[in-house]
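These are the residues of each chain, in order.
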Amino acid sequence: MNIDLRKKRGPGSVLGRALPWLLVALFATAGSLGAQTTTATVAGQLTDENGQAVAGAQITATGNESGFKRTVVSRDDGSFVLPGLVPGNYQVVITSPGHEPRVQTVTVLVGQTLDLTFKLTPSTVITEGITVVGTELIETKTSEVATNVTREELQHLPQNNRNFLNFAALAPGVRVSDNEFRKEITSGALEARDTNVFIDGVSQKNDVLEGGVVGQDASRGNPFPQNAVQEFRVITQNYGAQYQKATSAIITAVTRSGGNDLAGDLFVYYQDKDLVAKDDFASPTAKKPEYERLQTGFSLGGPILTDRLHYFVSYEGNDQDRANRVSLGNPNFANQFGRYEGNFQSPFRSDLGFAKLSYQSANGDLFDWSANYRHETDIRGFGGSTSFESAENVKNDVAGTTLRHQKVGDRWINEASLSYQQYEWNPQPQNSDLVGQEFRGIIRIGGRDTEQNFTQKRTSLRDDYTLSGVSWHGDHTIKVGGNADFLEYDVSKELFGNPLFIYSNSLTVPIEALYGVGNPDLSSDNTEFGVYVQDDWAVNSRLTVSLGLRYDYETDMFDSDYATPANVRNALGSKLPAKYFTDGNDREVFDSAWQPRVGFSYDVSGEGTTVVFGGWGRFYDRVLYNYGLDEKYRLNYGVRNFRFSADGAPRDGQPTIRWRPEFLSRNGLDGLIASGLAPNPEVFLIENDTRPPVADQWSLGLRQNFGNWAIDLTYVNIRSENGFSFIFGNRNAEGNCCVQLAPGFSNVLLSTDDKQSWFDGIYLTVDRPFHGGGKFPWGMRLAYTYGEAEQNGGDLFSLDFPTIADYPRYPTANDERHRIVYSAMVGLPWGLRASTLITLGSGLPYNIFDASRGFGPNEFRFRRNEGQPEQYDFIIPDAWAYRSVDLRLEKSFTVGSFGDLGLILEAFNVFDFENYGCYQGFKPPLPEVNPKFGEPDCLVEPGRRLQAGLTLAF
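In this report, we go over the structure that sits alongside the text. Note that this is a predicted model, so its numbers are computed, not measured. Residue numbers restart at each chain and count upward from 1, following the sequence in its written direction. In view of the model being predicted, local features appear only for residues whose pLDDT reaches at least 70, and side-chain atom pairs are presented and counted only at 80 or more, with totals across whole chains, interfaces and linings using the full set of residues. Side-chain metrics in this entry use all non-hydrogen atoms of the structure; hydrogen atoms and water are not considered.

1. Quick notes on the sheet that holds strand E36 (residues 657-658)
The line we're drawing: Strand pairing is assigned whenever DSSP detects at least two bridges linking the two strands. Here a strand is any run of E in DSSP of at least two residues, a helix any run of H or I of at least four, and the numbering for each starts at the N terminus. Here a residue-residue contact requires only that any non-hydrogen atoms of the pair lie within 4.5 Å. Axis lines are fitted to C-alpha atoms, over the contacting stretch for helices. Their N-to-C directions set the angle, which ranges from 0 to 180 degrees.
Read from one edge of the open sheet, six strands run E26-E25-E29-E30-E35-E36, paired in mixed fashion. Each of the sheet's edge strands pairs with one partner strand only, and the pair in question is strand E26 (443-445) and E36. Across three bridges, the pairing between strand E25 (residues 436-439) and E26 is antiparallel. Bridge pairing links Glu-438 to Arg-444 in E26. Set on the sheet, helix H6 (residues 666-674) makes contact with strand E29 (500-503), strand E30 (512-518), strand E35 (637-645) and E36; between it and E30 the angle comes to about 75°.

2. A short note on the state of the cysteines
What counts is decided by this rule: The disulfide definition used here is simple: a pair of cysteine sulfur atoms within 2.5 Å. Only protein chains enter the calculation, and the probe is 1.4 Å; a residue is then buried if its accessible area is under 20% of its type maximum, exposed if over 50%, and partly exposed in between.
The tally for this structure, following the rule as stated, stands at two disulfides. Paired by a disulfide, Cys-737 and Cys-738 hold their sulfur atoms 1.2 Å apart. An S-S torsion of about -70° defines the bridge between Cys-737 and Cys-738 as left-handed. With a relative accessible area of 27%, Cys-738 lands in the partly exposed category. What pairs with Cys-918 in a disulfide is Cys-938, and their sulfur atoms sit 2.0 Å apart. Its S-S torsion of about 85° marks the bond between Cys-918 and Cys-938 as right-handed, since a negative value means left-handed. Pair noted here: Cys-918 is in the loop between strand E51 (916-917) and strand E52 (922-923) and Cys-938 is in strand E53 (residues 938-939), with a separation of 20 residues, a long-range link. Residue Cys-918 is classed as partly exposed on the basis of its relative accessible area, which comes to 46%. In the chain, numbering the disulfide-bonded cysteines from first to last in sequence yields the connectivity 1-2, 3-4.

3. Considerations on the pattern of salt bridges
Selection rule: One side-chain nitrogen of Lys or Arg within 4 Å of one carboxyl oxygen of Asp or Glu is enough to make a salt bridge.
Evaluated as defined, the whole model comprises 54 salt bridges. One salt bridge connects Lys-245 with Glu-554, and the closest N-O pair in it is separated by 2.9 Å. Of the two residues, Lys-245 is situated in the loop between strand E16 (229-237) and strand E17 (250-255) and Glu-554 in strand E32 (residues 543-554); the sequence distance between them amounts to 309 residues. Of the charged contacts, one joins Asp-800 and Arg-864 as a salt bridge, the two residues approaching to 2.9 Å between their closest N and O atoms. With Asp-800 in the loop between strand E41 (778-791) and strand E42 (810-811) and Arg-864 in strand E46 (residues 861-867), the pair connects residues that are 64 residues apart, well separated along the chain.

4. Thoughts on the nonpolar core
What counts, and what does not: Buried Ala, Val, Leu, Ile, Met, Phe, Trp, Tyr and Cys residues form a nonpolar core when they are joined through side-chain atoms within 4.5 Å.
If you look at the biggest cluster of nonpolar residues, it comprises 29 residues, and the most contacted ones within it are Phe-164, Phe-232 and Ile-251. At the level of secondary structure, the elements contributing two or more residues to this core comprise strand E12 (174-176), strand E14 (196-199), E16, E17 and strand E43 (818-828). Broken down by element, the residue count for this core peaks at three residues, all from E16. What Phe-232 contacts, discounting residues up to four positions off in sequence, is Val-110, Thr-147, Asn-148, Val-149, Leu-154, Phe-164, Phe-167, Ala-168, Ile-251, Thr-252 and Ala-253. Grouped together as the second largest cluster of nonpolar side chains are 25 residues, Ala-391, Phe-439, Phe-663 and Leu-672 included.

5. A short note on the pairing of strand E45 (residues 846-850)
Judged from the four bridges that link them, E45 and E46 form a sheet pairing that is antiparallel. When the bridges of E46 are listed, Phe-849 appears paired with Phe-862. Pairing of E45 with E52, which is carried by two bridges, proceeds in the parallel orientation. Residue pairing across strands places Asp-850 opposite Lys-923, the latter belonging to E52.

6. Notes on the environment of Leu-154
Mapped onto the secondary structure, Leu-154 falls in helix H2 (residues 151-156). Accessibility expressed as a relative area gives 3% for Leu-154, which makes it buried. It is 7.6 Å that separates the C-alpha atoms of Leu-154 and Phe-167, two residues lying 13 residues apart in sequence. Every residue in contact with Leu-154, bar those within four places of it in the chain, is listed here: Val-149, Phe-164, Phe-167, Gln-226, Val-229, Gln-230, Glu-231 and Phe-232.

So far we have only geometry, and geometry alone does not tell us how the molecule works.
If you want it as structure tokens, here you go:
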């Protein structure tokens, strides 16, 4: 690993050189406090029967499963803080001279800070100021807009594919993609790449590709074994300064650990084509395509040394076999291509593993080591008129290991971690030795044309230190910390490295060939630093203010040392702004990522039942590494377009090459290149002062508790800037595209960071945590989102208008105005448990291609996301374009000394609602009309699906 701290002019150079030493000093102080990315805190106040503070009382929290203990002593004012608790169930024992020992059982969730007030008498302990539902406490005095997903919900709500991130949809403002190959999380007006996920405090950020999380780009697999996740927290607004690299939602998860008792479970879930409803768009006479899925797994944890050293391991496998149908686009060519037709298997295989050791060497001194592994292969990319010969194998691998140490003192806690992660995404052709051939309107045969290999290696140091009990005009909990991430990006892109020959009116003479040649290596190094300080200030018993400041610095979001090739500068330097050209010293590293964050909560009632909360913050992310590669790539590796004809005569005013059969190979095309017959390359240029994406967020809400119920109502506002995109740099004066600026080059694409987005939303949560006691224990959660999301510009390419500023504001692709997610669980007699997950949405917009006035430059209109899907009834008439009701029923049996056997039946989209997609948005020139305008061409998910499962817990 090469660490290169770039030497740049200006204040960034001083700060860039100083940051590593600041972090070294920070890590050297390890032995102090921790921001709650993975832990929880219980704080409290002890008074006697006369209301006087009880000092010197001993408060001990003991993990019910681990046996790990944490002991503190109440201060002179009777207050105490139990920081750094691993989320789980605890027995809190209070002992004080003159009072009998008493016990309170509580459950704490990740990221929570719970406030308890205890009144001690010689004979009893009375708990005040908290809401107790079974053993789970409801957090009220936080400024975060956050939702905790519990272990109970992970285990017992309906779940079709065991991706724990699917349950992030239980949080208002969060949407889980319906695309099987892009299971992504979005929030507000922003994309999945703007989120970040932390597992045991380690960032899972994907710096190089889409998806937000490593492994989630273009994959149907899961990021982590669900049976290794204990719980997680979704923070959609006003998160603390300890979180980095996100302008949208943060998800922080903690993994399971072993305990003093040997415990484990096994599971198997099965689904096949007979348990899945037929696709509404399939031919009425067609048979169901082959499909079979088997999900298996186990977990096991237990003691190595009682109360000291525990282990935990888990595994999940996902084997899917389905068949894709290949058919000729024109059956008249069956004699020539009939052998390519038929059903062909498309297997998907996934293996997920996790292992963990936890060691408490002394009270308040905890070590843990963990390792995780993900490997998947997916044979796909064929079907319809694409032959099985043209399939690719999408390989996806993630591996990581983390060593963490937590040290707790009387008033401080320090968490330090060292982690390493390697992620590799490698789609490759199944038949790379066969050149590709596409016979338009008939079939595509031969090997796939492109292979890519993206590898991200991240070594990360992190330290978080928290000091509590600082008194100055109230009580302060001060957190400081930082991270240093050393990254290697190993990237190779061979676009059309296997040539593709395209045929139109002849089966023997292609009209063109696409062939990529040159240096495909785009590897680089990068270093990311971050430091923060945060003060959670309890001004008095009712008002809490959170003040935070974060700073991030990155050495190579883009290649800082890149020098524009001389031939490009000479040809285009006088025609384009100077900010697009660099000699290797003109590209300044961005050094202004200061991120203040402010939050507050005010207890109106004084009893934690009515709380007003809110906050404002600035959040920086980064531009994906893949976005900036074309600046170097298009000049080092070119995709050549060869135009052929039978006689070599011009076609459409452009010259052609007379076809000879020996050209049908890599060697044949290499010979043409050597003879000088190659088209001009495109040029991509990046602004030297490109800024990373930034979002300003603010929120204001009301939290109300009614006994066992908690209701949150919040207004949220997000304004983001510095969105990255490309525009044409060679438009003509009238704005039409495009003119040739210089000999030897075709189109010129210029980067811009002028994209913006706007989001306004109202979030409503009604929560009744699951109560394990009583004859019919039950719990429910309702999350409602009203949101308006808009943006300007396009996606990565904003080519419809001359500049981003010329774009009107329009709805984003994930602009869904209304969304409801309802979940519920209930315990029934005879060992039965039922649960449901209901999802309703008003639907996503679609594009309209409006040629009603013609196809001319000032006639055709591309109306982005202006189409609205038809809506249907469910409780509310004509309100929902998306409807799904999922059910799960479990029956538990005790099997002697082996444990509990569970039989599970799940039904997804039980009412078989048609949830449509692929809407037709073309409007032809008037008076012609498209009779199918606004009609769907596909389902965004299958109809009703059943699944059977078997579990054994011991």
